[in-house]
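Chain by chain, the residues:
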Amino acid sequence: MKNIYLDYASTAPLCTAAREAAISSMDNFGNPSSMHNVGLLAEKEVSAAREMVASAINAKPSEIHFTAGGTEANNLAIFGGAKLPNGTGIITSPTEHSSVKYPFLTLGQRGFKMFHVEHFWHGGINPDSLRNVLKQTSPVSLISFHHVQNETGVVQDIAALAKIVRDICPTALVHVDAVQSFCKIAIDVRAMDVDFISLSAHKIGGLKGCGALYVRDKVHVAPLILGGGQERGVRSGTENVIGIAAFGAATKERYEKLQENYSCVQRLKELFLSEIDGIDGIKINGENTSPYILNISVADVRPEVLLNALSAEGVYISAGAACSSNKKQKKEEAAVLEAYGLSKERSQSAVRISFSPETTQEEIKEAAEAFIRNIAILRKLRKMR
């Protein structure tokens, strides 16, 4: 069997457009802040990428600030957005990515009052819970939710949640982690009515170490990094021109085919599910999920053992977020599912399969076959013990 990569929620291979843009940009070594022609050429590349990223979410180019990745973008929005005095409320959910979760915990240790909203069993945020928390918390400085949950793929109705916030606490700032939805699901910052959106390049075929933060016009964010005042003073440091150029190219390639890719991936996900249909002890976690992510629990099989068995055959899936150590990763994914109200046993037996438009139907069938075969083998070994 050839290698079959089904861990695109962790990272994606460098796409052709991004590779070509990066190689071309390597010949342009100028500093974008320099006023001579070499610097202006570099600045032109950065501006073109900024315009492309902005257009993909219906933002103004001036509202896009490049960072070193999605984690930095999340940290910048949270630490830079929660500026009101200690004792102010900050609100998030218990299912956020660690780059949101830990900044919130840190703010809680610094004197902010942190509150969690509740989820339904299918993964959607309970709007009544949000209303209740908002009414009991005054004033509220910052609220942060994901658009697509990175482990389960559950899609939140950001516009509806933001409207609740605006109706009850109109001065609160709203941040959205859109790392798993950018150029995969349509994003319109005007329709969503949010203040910050975090993006990442390598999830869509760009280079690692590059991301962006959308900051709504006239909303102030306190910088984390001080220095030369690049990125309109929001993020100092000489811009990563190669990474930014590749990010812009990857954005253009993905955004222009967003609907086509969405339909393609949806068919792949449905095909995988049809291939494994009928296996005992298989449960799908989450509803209203992105077609790019599938989270399933497999009874009587340890996820890490199944991952290793599949990896030995060249099939690569995940047990959760790739940016945590294995033990921590498993614990955090289980915590997400338990926040949905699922049992501990089901939560601790989950694996994540994530798709790409580049994945073929033949690969899906081969992967499903290996999935079924290894589950049977591992269950048989378990009974023999």
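All values reported here derive from a predicted model rather than from experimental measurement.

Before going further, it helps to examine the sheet that holds strand E12 (residues 350-354). Taken together, 3 strands build an open sheet; the order of strands is E9-E10-E12 and the sheet is antiparallel. Single-partner strands in this sheet number two, and they are strand E9 (282-284) and E12. Averaged over all pairs of adjacent strands, the angle between their axes in this sheet comes to 30 degrees, without regard to strand direction. Seen against the sheet, helix H9 (residues 258-276) touches E9, strand E10 (293-298) and E12 and runs at an angle of roughly 20 degrees to E10.

On to the environment of Arg 50. Here Arg 50 lies in helix H2 (residues 37-56). Judged by its relative accessible area of 9%, Arg 50 falls in the buried class. For the pair Arg 50 and Glu 275, spaced 225 residues apart in sequence, the C-alpha to C-alpha distance is 42 Å. Residues within four places of Arg 50 in sequence aside, it is in contact with Pro 61, Ile 64, His 65, Phe 66, Glu 231 and Arg 232. Within the structure, Arg 50 has its side chain in polar contact with the side chain of Glu 231 (distance 2.7 Å).

Considering the arrangement of structural elements, one finds Phe 272 in helix H9. Each C-alpha atom of the pair Phe 272 and Gln 156 lies 24 Å from the other, and the pair is 116 residues apart in sequence. Setting aside residues up to four positions removed in sequence, Phe 272 forms contacts with Leu 294, Ile 353, Phe 355, Ile 364, Ala 367, Ala 368 and Phe 371.

The next point concerns the pattern of salt bridges. Overall, the coordinates contain 17 salt bridges when judged by the stated rule. Across the salt bridge formed by Glu 231 and Arg 50, the nearest N and O atoms sit 2.7 Å from each other. Of the two residues, Glu 231 is situated in the loop between strand E8 (211-215) and helix H8 (241-256) and Arg 50 in helix H2; the sequence distance between them amounts to 181 residues. Given the relative accessible area of 4%, Glu 231 is considered buried. In this structure, Arg 216 engages Asp 195 in a salt bridge whose closest nitrogen and oxygen atoms are separated by 3.0 Å. Of this pair, Arg 216 sits in the loop between E8 and H8 while Asp 195 sits in the loop between helix H7 (189-192) and strand E7 (196-200), and the two are 21 residues apart along the sequence.

Rules used in this analysis
Residues numbered from 1 in each chain as written. Predicted model: local features only at pLDDT ≥ 70, side-chain atom pairs only at ≥ 80, totals over all residues. Heavy atoms only, no water. Pairing = 2+ DSSP bridges. Helix = DSSP H or I, 4+ residues; strand = E, 2+ residues; numbered from the N terminus. Axes fitted to C-alpha atoms, helices over the stretch in contact; angles between N-to-C directions. Contact = heavy atoms within 4.5 Å. Buried < 20%, exposed > 50% of the residue type's maximum accessible area, 1.4 Å probe, protein only. Polar contact = N/O pair within 3.5 Å; in protein donor to acceptor, adjacent residues only side chain to side chain. Salt bridge = Lys/Arg side-chain N within 4 Å of Asp/Glu carboxyl O.

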